[in-house]
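# Architecture and fold: a report
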Amino acid sequence: MRNNKVVRGILPLLCLMAGVYAQAAPPTLEDILKPSLHDIVKISPNGRYVAATLRKPENNKNRMLLVIIDRETNKPVRVLDPEENAEISRVWWVNDERLFVMSTWGGDNVQQYYLDPRVVAINVDGSRIRSFYASIVDTLVDDDKHILIERCAKRTHKGCKTYVQKVVEDRWTGPRIVDAPAIDTSFFTDNAGNVLFATAWDDDRVQRVWIRKGDGWEIFNDASQSGVEIDLIGTSRDDAKVFIRTERKQGPDVIERMDLATREREVVMSDPLLDPAFVVWSADGRQPIGAAYGLGVPRARFWDATDPDAKLLRGMEAVFPEDAVAFANGSRDGQHIVVNVWSDRDPGSFYLLDRKTKRMDIVARVKPWLNPDALARNQPIAFTTRDGLELHGYLTMPLATTSAPPLVVMPHGGPFDVKDDWAYDEEAQILAANGYAVLRINYRGSGGFGQAFQRSGYRQWGLKIMDDIVDGTRWAMADGRIDPKRVCIWGSSFGGYAALMGVAREPELYRCAISMAGATNLIITRKWGDTHRTEWGRHYLDEAVGDDEKALYEQSPVKHVANIQAKVLLIHGNHDQRVSFEHARAMVAAMEKAGKPMETFFFDDETHGVYGEKNRREYYGRVLKFLRANLGTE
């Protein structure tokens, strides 16, 4: 990483880079696919500096740099450039004058970027540049000299037995604080940097959480005994209490508050239908103060509505009635706050709030050229399945249409612990801008509705999950807002599998199907790809997908190609390690054997997805061309 002097002209002051929109008409494909201009904005602990990522075109590549702005002069004082084929991806303020930065790097043969484990430390004035490899446990913002890092004490064939060390940041010396209780453990600390908990998963996918007791550990939650997993969120500002997100065997997750001295626990936040959309943090980022919920705009709920930060956030929600609002980060005293605002029509905007003056200025927009008024809304919907289960999802309607538009059903990937939500969705906006309605369904197995709902999709890939997707399609066809005679199904990963399985199971329901990186033969999933290569992955496949090869083959698109009447477009990356390219080969062979025509397009330099800018334009251009040929419209 090189430390550049400020380059004139690359940084129009960030606060001026919003509010001017390039178009009033629906955005073009190029507009939507254009990479984000910003994605990180962080204020220093003393509130003097703002560190913001900024994309800069260079050598036909768009790379994320980091710009540090002095708020006293409103001018950039430092630009950090991670050099060719790299982008700034993570940023921490260690103290008032020092940052840690990590980058992602592009591979030689594939377009996907991967996180570089190297951490670069640098002062705002460009001094004391250090590069190191370590997993950071806690940057200890209140301690200007030390950080907590995790180090490997003993490497085994199953992973690393680690320990936490408190080190002087630029010397890497210091005492060993605590040893991990298991292999590949993650640690949880309070605001003072005390290690309180450790978490690990074994090869059977069982979570165990330990709590510190004296100089050792004792089990706090063993999922094999309790039947639920927990997620440690944060501590109260005085470190007397810890907040825990806890699964329930029935119903959504809840948030508990536990007194660390007595270990008494109480539920402070829950909802009868939904898991928390996100945790709401205090302005200074030192303690959770609530959680947000909503099928549409997520709104904060607080365990103490009289908290000054709760009142402040509630007031900002009133200012942005159609947007989600959250404190992204703040100065140590909570007086200068970066506020994140986003919606179904805005991928994100960052504001800087001065609590004393009550002034709130926009700092950066993720994609400032997109006009929210020219983008489509994600409308929450609900329907009842054939077996009486109420499911939820989103219908996105194109803005400009004089008749009922065609529909594209888009099952999400996963399928488990993944969900569609109300926020900005790039693919839905691409389709809506070209005249298509979009249906996204949180079928059983999706995240966001509790453990039992997710597990109800286990071993149901081609069974009840597909029933849910088909039932949702039929609901939309009967709803009256779309043209029921022009319906296509398109998805990636599991969504690609569902697209192929949809036209195989329901040959007259869909006119066409598009599969990107979709599984085609579930038996192959157990033999190819990276999931089956670990004990953890094999246990996951047994539990969630199934271990009966006869049943797996029966739920595979290749088994049912003779039923397919719809037009099919198959797309895959040759270097896909998750859903092996063998799946594409199997589908091509099965379709050819059955005498079924099919369009294909394979990327030589992509993995599980499409990452390269040129490739993304190619991919979505082909999708739109295919849809026009089979559904019409623009």
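Shown above is the structure to which this text applies.
Residues numbered from 1 in each chain as written. Predicted model: local features only at pLDDT ≥ 70, side-chain atom pairs only at ≥ 80, totals over all residues. Heavy atoms only, no water.

## A few points about the side chain of Glu506
With respect to the element layout, Glu506 can be found in the loop between helix 7 (494-505) and strand 35 (512-516). Sequence-distant contacts of Glu506, defined by excluding residues within four places in its chain, comprise Val470 and Arg474. (Helix = DSSP H or I, 4+ residues; strand = E, 2+ residues; numbered from the N terminus. Contact = heavy atoms within 4.5 Å.)

## Description of the layout of surface pockets
Taken as a whole, the second largest pocket holds about 1400 Å³ of empty space. The wall of the second largest pocket is formed by 47 residues, among which Trp92, Asp138, Thr139, Val141 and Gly285 lie closest to the centre. Those elements giving two or more residues to the lining of the second largest pocket turn out to be strand 2 (41-43), strand 6 (86-93), strand 11 (135-138), strand 14 (176-183), strand 15 (186-189), strand 19 (230-235), strand 23 (278-281) and strand 26 (324-330). Looking at the lining of the second largest pocket residue by residue, the classes come out as 24 nonpolar, 13 polar and ten charged. (1 Å grid on protein atoms, 1.4 Å probe; cavity = no way out; pocket = protein on both sides within 12 Å on 5 of 7 lines; lining within 4 Å. Points joined across faces, edges and corners; volume = space filled by probe spheres on them. Nonpolar A, V, L, I, M, F, W, Y, C, P; charged D, E, K, R; others polar.)

## Description of the pattern of salt bridges
With the rule as written, the count across this model stands at 48 salt bridges. Between Arg208 and Asp202 there is a salt bridge, and its shortest N-O distance comes to 2.6 Å. The partner of Arg301 in a salt bridge is Asp271, with the nearest N and O atoms 3.0 Å apart. A residue pair is termed long-range when its members are at least 10 positions apart, and Arg301 in strand 25 (residues 299-302) and Asp271 in the loop between strand 22 (265-269) and strand 23 qualify at 30 residues. Overlapping salt bridges, with partners in common, bring together Asp96, Asp142, Arg286 and Arg332 in one network. (Salt bridge = Lys/Arg side-chain N within 4 Å of Asp/Glu carboxyl O.)

## Concerning the state of the cysteines
Applying the stated criterion across every chain, the model contains two disulfides. Paired through a disulfide, Cys152 and Cys160 show a sulfur-sulfur distance of 1.7 Å. Torsion about the S-S bond of the Cys152 and Cys160 cystine: about -90 degrees, corresponding to left-handed handedness. Here Cys160 falls in the buried class, since its relative accessible area comes to 7%. Through a disulfide, Cys488 is tied to Cys512; the S-S separation comes to 2.3 Å. (Disulfide = S-S within 2.5 Å. Buried < 20%, exposed > 50% of the residue type's maximum accessible area, 1.4 Å probe, protein only.)

## Things to note about the nonpolar core
Within the largest apolar cluster, 65 residues are counted, with the highest numbers of intra-cluster contacts made by Leu407, Ile469 and Tyr510. Top element by residues in this core is helix 7. It accounts for eight residues. Residue contacts for Tyr510: discarding those within four places in its chain leaves Val409, Ile469, Val470, Thr473, Val487, Cys488, Ile489, Gly502, Val503 and Ala566. (Core = buried A, V, L, I, M, F, W, Y, C linked by side-chain atoms within 4.5 Å.)

## Describing the pairing of strand 18 (residues 216-222)
In the sheet, strand 17 (residues 207-213) pairs with strand 18 via six bridges, with the strands oriented antiparallel. Each residue of the ladder has a partner; that of Val209, found in strand 18, is Asn221. The loop that links strand 17 with its antiparallel partner strand 18 comprises two residues; one of these, Gly214, has a positive phi angle of about 65 degrees. (Pairing = 2+ DSSP bridges.)

## Notes on the side chain of Gln429
Its location among the elements puts Gln429 in helix 4 (residues 426-433). Of the polar contacts made by the side chain of Gln429, one reaches the backbone oxygen of Ala376; its length is 2.8 Å. Beyond its immediate stretch of four places on either side in the chain, Gln429 contacts Ile32, Asp344, Leu375, Ala376 and Tyr424. (Polar contact = N/O pair within 3.5 Å; in protein donor to acceptor, adjacent residues only side chain to side chain.)

## Concerning the sheet that holds strand 19
Strand order in the open sheet made by the four strands is 19-20-21-22, with antiparallel pairing throughout. Whereas interior strands pair on both sides, the edge strands pair on one side only; in this sheet they are strand 19 and strand 22. Strand after strand, the sheet turns through a mean of 30 degrees between neighbouring axes, direction not considered. (Axes fitted to C-alpha atoms, helices over the stretch in contact; angles between N-to-C directions.)

## So, the packing of helix 4 against helix 12 (residues 613-631)
Their axes nearest at 11 Å, the elements helix 4 and helix 12 cross at an angle of 45 degrees. Looking at the two axes, helix 4 sits oblique to helix 12. At the point where helix 4 passes helix 12, the crossing takes the right-handed sense. Between helix 4 and helix 12, the contacting residues are Glu426, Glu427, Ile430 and Leu431 on the first element and Arg616, Tyr619, Tyr620, Leu624 and Leu627 on the second. Counted by class, the contact of helix 4 with helix 12 contains six nonpolar, no polar and three charged residues. (Parallel < 35°, antiparallel > 145°, perpendicular 65-115°, else oblique. Left-handed = near helix turned anticlockwise from the far one by under 90°.)

## Topic: helix 9 (residues 535-545)
The complete set of buried residues in helix 9 reads Gly537, Tyr540, Leu541, Ala544 and Val545. Taken around the axis of helix 9, the buried residues stretch over an arc of 100 degrees, which confines them to a single face. Lining the buried residues of helix 9 we find helix 8 (522-525) and helix 10 (549-554). Of the residues one or two after helix 9, Gly546 is the one with positive phi, at around 130 degrees. (Arc of directions from axis to C-beta.)

## Quick word on the sheet that holds strand 30 (residues 378-384)
Ordered by their spatial adjacency, eight strands build an open sheet running 30-31-33-32-34-35-36-37, and the pairing between neighbours is mixed. If you trace the sheet from one side to the other, it starts and ends with strand 30 and strand 37 (599-603), each paired once. Averaged over all neighbouring strand pairs, the angle between strand axes comes to 20 degrees, with direction disregarded. In terms of strand pairing, strand 34 (residues 487-492) meets strand 35 through five bridges, oriented parallel. Following the sheet pairing, Cys488 is matched in strand 35 by Cys512. Sheet strands in contact with helix 4 are strand 30, strand 31 (390-396), strand 32 (407-409), strand 33 (437-442) and strand 34, and its direction is about 155 degrees off that of strand 33. Contacts from helix 6 (residues 464-479) reach strand 30, strand 31, strand 32, strand 33 and strand 34 within the one sheet, and its direction differs from that of strand 33 by about 140 degrees.

## Considering the environment of Ile465
Here Ile465 shows up in helix 6. Among the residues examined, Ile465 registers a relative accessible area of 0% and is labelled buried. Sequence separation of Ile465 and Arg444 is 21 residues, and the distance between their C-alpha atoms is 6.0 Å. Setting aside anything within four residues of it in sequence, one finds Ile465 in contact with Pro415, Phe416, Tyr443, Arg444, Gly457, Gln460 and Phe494.

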